[in-house]
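# Survey of secondary and tertiary structure
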Amino acid sequence: MTSAGVKPASSSAYKVIRSISGANGHEDNGRYLVDDPRSVFVAGKDAKVTVYFEWEGPMGPHHFEGLWKSPEGKIVLISDFRYEAKTPRYNGYWSMLLSEATPSGEWNLEARIDGEPAGTHSFVISGSPSAASASGPPLLSSADLYQKAFDTTVTIEKIDADGTPASRASGFWIGEGRLLTAFSAIDGASTLRILLRDGSQLTTNQVLAWNRWQDWALLKVEHSPKVWLTRSSAASVKVGDRCVLLEMVTAGAKLADGSITGKNTFPKTGERLLIASGVTPLSFGGPLLDEYGNYAGILGGGIIPGGDPVRTLSLLSEINANSRTIDWETTGLAVPQTVLPEVPPTAAATSLADIAARGEMLSPVIKINAVQSATLGVMGSGNATFLKAYKRAFSRQEHKPVAQISWQGIEKEKFSCVFRLFNVDNKLVAESKPRDISMNSGKYMTTIWEIPVASIPAGIYRVDLVLSSRTAWREFLKVVD
């Protein structure tokens, strides 16, 4: 797996706080601010690459060196400067000019301070746009890419069986009455509400094609969009390609760097693209656009149905999985368009209810105010009533792995509480006995459910807290031998 970003310096007196790369920046009160933080650059289009570091280390005079290494691992340039650090925290940056002859691929800038390693920052340089434009369609400007993404993207609201909105995600038009999105955007829904750019709304419960493990779904919607996206060529979905995405945030929609910085393949899920920016849940199901305005993938890229992609990566990569080791702000996933089948216009639609009847849907998670917090962990020894450690990965010999729920009374209400443990194929593995929970305003309490990891095979599992037939909390855990 290849990805852009910072690699920590080992066995060094200098601790890397962060590193950022970009093509433009400016000085401000002794600091260098990167105006366009990104990790993918286009030779012949971008004039230079600047890499900025912040460190903690010994004060005093220092000699700073930046070693620029090409994709072949050769040092092609050494930049250096001297600086006297008067505080334990300081910064510096180096720049390298680009031309159409600059080799494409993953580059590394190795930082050294007084000869000691002080961090490595990776970035990708893609080929010159002039060669591509000579034999193909013109590249779109950032403004045109934004407008195309904005005009073709919609918001999809998931509605549960009793009419309650459960969550929102994105989708995009790929033809007359055809809306492409992530499977996570429809998972557990009874109906889907489509919110259009002009403020109007549509509803549908019809799906033309889907794959819950690959995390995509093609919806049938009675609507004639003015514009839609076409599929990019298979050759354009490779590491180093410049792509963009429409990041949906509270303030609105903004264009973000979605350049492909790596790839990975997972069991049952298949291939995933790693992209330069994080993806917010509201953006899941939206398009990853290439430089020509075609869709190269679908944002989201869940690895396990129902699980957050980046949290799942953390769970798979660490034995303890106690923390989110991957930064969602700089790591996003997408489903490559190359895995999507060609669905004919005459394809018959399937209802959401029929998909649920096949066991391919998870129940939506509905926020319940009485659940203050919920977590996984292990209990202390003896008669301890508190968690000794918070964790999501457990040995089969683990002492009392539990799910712990903290309750707070907002109003007078009563629930029937059940914990359920499922495998990744959505098969029920274990279930607690039902327990009545009565809450009054101002009441606080804690309940636990011991997870039977000793009696189940190693693997990934899902735990659901179900209150009166509604899923109020969901988490994934790993069991190891």
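Anything mentioned here points back to the structure above.
In this report, we go over the structure that sits alongside the text. (Residues numbered from 1 in each chain as written. Predicted model: local features only at pLDDT ≥ 70, side-chain atom pairs only at ≥ 80, totals over all residues. Heavy atoms only, no water.)

## Details of the overall build of the protein chain
- When helices and strands are tallied, the protein chain shows 4 helices and 36 strands.
- Computed over its C-alpha atoms, the radius of gyration of the protein chain comes to 25 Å, within 12% of the 23 Å expected for a compact globule of 481 residues.
- Expressed as lengths along the three principal axes of its C-alpha atoms, the size of the protein chain is roughly 70 × 65 × 40 Å.
- Burial analysis of the protein chain (481 residues in total) assigns 50% to the buried set.
- Look at the contacts in the protein chain between residues 6 or more apart in sequence, and 66% of them connect residues 24 or more apart.
- Of the roughly 21,700 Å² of accessible surface on the protein chain, 50% is carried by carbon and sulfur atoms. (Helix = DSSP H or I, 4+ residues; strand = E, 2+ residues; numbered from the N terminus. Rg over C-alpha atoms; globule rule 2.2 N^0.38 Å. Buried < 20%, exposed > 50% of the residue type's maximum accessible area, 1.4 Å probe, protein only. Contact = heavy atoms within 4.5 Å. Areas by Shrake-Rupley, 256 points an atom, 1.4 Å probe, with all protein chains shown as cover.)

## Thoughts on the pairing of strand S10 (residues 105–113)
- Two strands pair when backbone bridges link them, and strand S7 (residues 60–69) and S10 are joined in this way by 6 bridges, in the antiparallel orientation. Following the sheet pairing, Phe 64 is matched in S10 by Ile 113.
- Two strands pair when backbone bridges link them, and S10 and strand S11 (residues 116–126) are joined in this way by 8 bridges, in the antiparallel orientation. Opposite Glu 106, over in S11, you have Val 124 as the bridge partner.
- The turn linking S10 back onto S11 is made up of 2 residues, and Asp 114 within it adopts a positive phi angle of 55°. (Pairing = 2+ DSSP bridges.)

## A few points about the packing of aromatic side chains
- For the structure on display, the rule yields 17 aromatic pairs.
- Ring geometry for Trp 55 versus Tyr 90: centroids 6.5 Å apart, planes at 45°, classification tilted. Taken together, the residues span a long stretch of sequence, with Trp 55 in strand S6 (residues 48–56) and Tyr 90 in strand S9 (residues 89–97) at a distance of 35 residues. The two residues Trp 55 and Tyr 90 agree in class, both being buried.
- When the centroid spacing of 6.5 Å and the interplanar angle of 15° are considered together, the rings of Trp 107 and Phe 123 count as stacked. One end of the pair, Trp 107, is in strand S10; the other, Phe 123, is in strand S11, with 16 residues separating them in the sequence.
- Residue classification places Trp 107 among the buried positions, given a relative accessible area of 2%.
- One aromatic cluster in this structure is built from Phe 53, Trp 55, Phe 64, Phe 81, Tyr 83, Tyr 90 and Trp 94.
- Here Arg 197 stacks its cationic end above the ring of Phe 150, 4.2 Å away from the centre of that ring. (Phe/Tyr/Trp six-rings, centres within 6.5 Å; stacked < 30°, edge-to-face > 60°. Lys NZ or Arg CZ within 6 Å of the ring centre and 35° of its normal.)

## Quick notes on the nonpolar core
- Counting residues in each nonpolar core, the largest one holds 28 residues, and the members touching the most others are Trp 407, Leu 421, Leu 465, Leu 467 and Leu 477.
- Of all the elements in the fold, those that place two or more residues in this core are strand S27 (371–379), strand S30 (401–408), strand S31 (413–423), strand S33 (435–439), strand S35 (459–467) and strand S36 (470–480).
- For Leu 467, the contacting residues outside a window of four places in its chain are Ile 368, Val 371, Trp 407, Phe 415, Ser 416, Cys 417 and Ala 472.
- Ala 23, Val 49, Trp 107 and Phe 123 belong to the second-largest nonpolar core, a separate cluster that totals 23 residues. (Core = buried A, V, L, I, M, F, W, Y, C linked by side-chain atoms within 4.5 Å.)

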